[in-house]
Amino acid sequence: MPKLTLEDLKKLRDQKVAEMNQRDVENKQSQVIVGMGTCGIASGAKKTFDAFIDELAKENLTDVAVRQTGCMGLCHSEPTVEVVVPGMPRVIYGNVDCDTARKIVSEHLVGKRLVSDHVFDKPAADIIG
Amino acid sequence: MHPTVCDTLLDVVQNAFEAGATRVDLSVARTGNLLSCSVADNGRGMDEATKRRALDPFWTDGVKHPSRKVGLGLPFLREMTRSSGGSFSLTSEPGRGTTVAFSFDLSNVDAPSFGDAPGTFTALMTYPGDHVLSLSRGEDGASYSVTSAELAETLGDLSEAGNLALLREFFSSNEEALSPAPVAPFAQPLLT
């Protein structure tokens, strides 16, 4: 791969913007928030973060926001990811490895169905207590 | 402990963001077998007592989770350096900021692997908040540097998945240019 400069990056970005104008605006309000506290990092949250970026690009959902946050209080189930899609409940998923991340993209963000066996709703005992 | 140096960088740079820094300077440079890293922030800093406690794995400032009793980021890093003959220093001044500096001797059999630099820098450059992160990266004399402000100016919204993919490509290409892969003996055609 040739070394990209900031100018090259801008050109690539402009190309993408031109493609994006033809797409659905609903995705703009969807968010994937990955917990990247010490617990998340130790459990592989960065690979999860990478898998989301990769899979969203493959599905052409390039305007979904992918953000990071600290520990969400579910250290026992890291990596954790919160997914916000308009018209659906806000959901925190636990134990999101790369395969699960890809599944969340295809089922939740594309198919509008929850990935039920990874849904969590309660923080660890020392967070509530 | 974290498996790679890059995982540790993610953790320590986030500490800097959470300390209210508006400017964080990250430097990661390798010369020969010596990998030197430093994270300098202009955040709220720590007094001597807090600085000592920050290295205790069973202490945290209680800001994020008031009932929690562990804080593992810096203790993990210090143990990584201790167990592989590296160095670690923590300097801080209340109101002025904190600098975490550490190094690894890569010839030591226990030195951690470097990890995924493009993914790590992509995550760090797009961490939400009102701050500027400056990265200075070097490998045996070759180097590049970039700031989050430059990237935001170039790409716009750094949280969009499409921009994150582009950013990853940017860092992959720059990392590749730092240390070109050696030419395999049979990479050239044998017959011309």
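Residues numbered from 1 in each chain as written. Chains lettered and ligands numbered in written order. Predicted model: local features only at pLDDT ≥ 70, side-chain atom pairs only at ≥ 80, totals over all residues. Heavy atoms only, no water.

## A short note on helix H4 (residues 117-125) of chain B
Part 1: Burial within H4(B) is extensive, with nine of its nine residues counted as buried.
Part 2: The backbone nitrogen of B:Gly119 lies 3.2 Å from a side-chain oxygen of the residue at the head of H4(B), namely B:Asp116. (Buried < 20%, exposed > 50% of the residue type's maximum accessible area, 1.4 Å probe, protein only. Helix = DSSP H or I, 4+ residues; strand = E, 2+ residues; numbered from the N terminus. Polar contact = N/O pair within 3.5 Å; in protein donor to acceptor, adjacent residues only side chain to side chain.)

## Here's the deal with the sheet that holds strand E3 (residues 87-93) of chain B
Residues and elements named next belong to chain B.
Part 1: Pairing within the open sheet is mixed, and its six strands lie in the order E3-E4-E2-E1-E5-E6. Of all strands in the sheet, those with a lone pairing partner are E3 and strand E6 (142-147), marking the two edges. The average undirected angle you get between the axes of adjacent strands in this sheet is 5°.
Part 2: Direction of pairing for strand E1 (residues 23-31) relative to strand E2 (residues 34-41): antiparallel, over a ladder of eight bridges. Residue Thr31 lies in a different strand from E2, and its bridge partner there is Leu34.
Part 3: Packed on one face of the sheet, helix H1 (residues 5-18) meets E1, E2, strand E4 (97-105) and strand E5 (132-139) and runs near 15° to E2. (Pairing = 2+ DSSP bridges. Axes fitted to C-alpha atoms, helices over the stretch in contact; angles between N-to-C directions. Contact = heavy atoms within 4.5 Å.)

## Some remarks on the interface of chain A and chain B
Part 1: Taken residue by residue, the interface counts 41 residues in chain A and 42 residues in chain B.
Part 2: Seen at the junction of chain A and chain B, the total is three salt bridges.
Part 3: With a closest N to O distance of 3.4 Å, A:Arg13 and B:Glu160 form a salt bridge.
Part 4: If you look at where chain A meets chain B, you find 16 residue pairs in polar contact (both at pLDDT 80 or more).
Part 5: For the side of chain A that touches chain B, the element with the most residues is helix H1 (residues 6-20) of chain A, which contributes seven residues.
Part 6: Class assignment for the residues of the side of chain A that touches chain B results in 22 nonpolar, nine polar and 10 charged. (Salt bridge = Lys/Arg side-chain N within 4 Å of Asp/Glu carboxyl O. Nonpolar A, V, L, I, M, F, W, Y, C, P; charged D, E, K, R; others polar.)

## Description of the side chain of A:Glu55
Residues and elements named next belong to chain A.
Part 1: With respect to the helices and strands, Glu55 occurs in helix H3 (residues 45-58).
Part 2: By relative accessible area, Glu55 is classed as buried at 12%.
Part 3: Ignoring anything within four residues of it in the chain, the contact list for Glu55 reads Arg102 and Val105.

## Some details on the pattern of salt bridges
All names here are of chain B.
Part 1: In this structure the tally under the stated criterion is 18 salt bridges over all chains.
Part 2: A salt bridge links Arg30 to Asp140, with the shortest nitrogen-to-oxygen separation between them at 3.1 Å. With Arg30 in strand E1 and Asp140 in the loop between E5 and E6, this residue pair connects regions lying 110 residues apart in the sequence.
Part 3: Residue classification places Asp140 among the partly exposed positions, given a relative accessible area of 46%.
Part 4: Where Asp116 meets Arg168, a salt bridge forms, and the shortest distance between an N and an O atom there is 3.3 Å.

## Some points on the packing of H3(A) against helix H6 (residues 161-178) of chain B
Part 1: Look at H3(A) against H6(B): their axes get within 9 Å of each other, and the N-to-C directions meet at 110°. The angle between the axes of H3(A) and H6(B) places the two elements in the roughly perpendicular class. Helix-helix and strand crossings are classified by hand; for H3(A) and H6(B) the assignment is left-handed. Of the residues in H6(B), those touching H3(A) at A:Phe49, A:Asp50, A:Ile53, A:Leu56 and A:Ala57 are B:Ala161, B:Leu164, B:Ala165 and B:Arg168. (Parallel < 35°, antiparallel > 145°, perpendicular 65-115°, else oblique. Left-handed = near helix turned anticlockwise from the far one by under 90°.)

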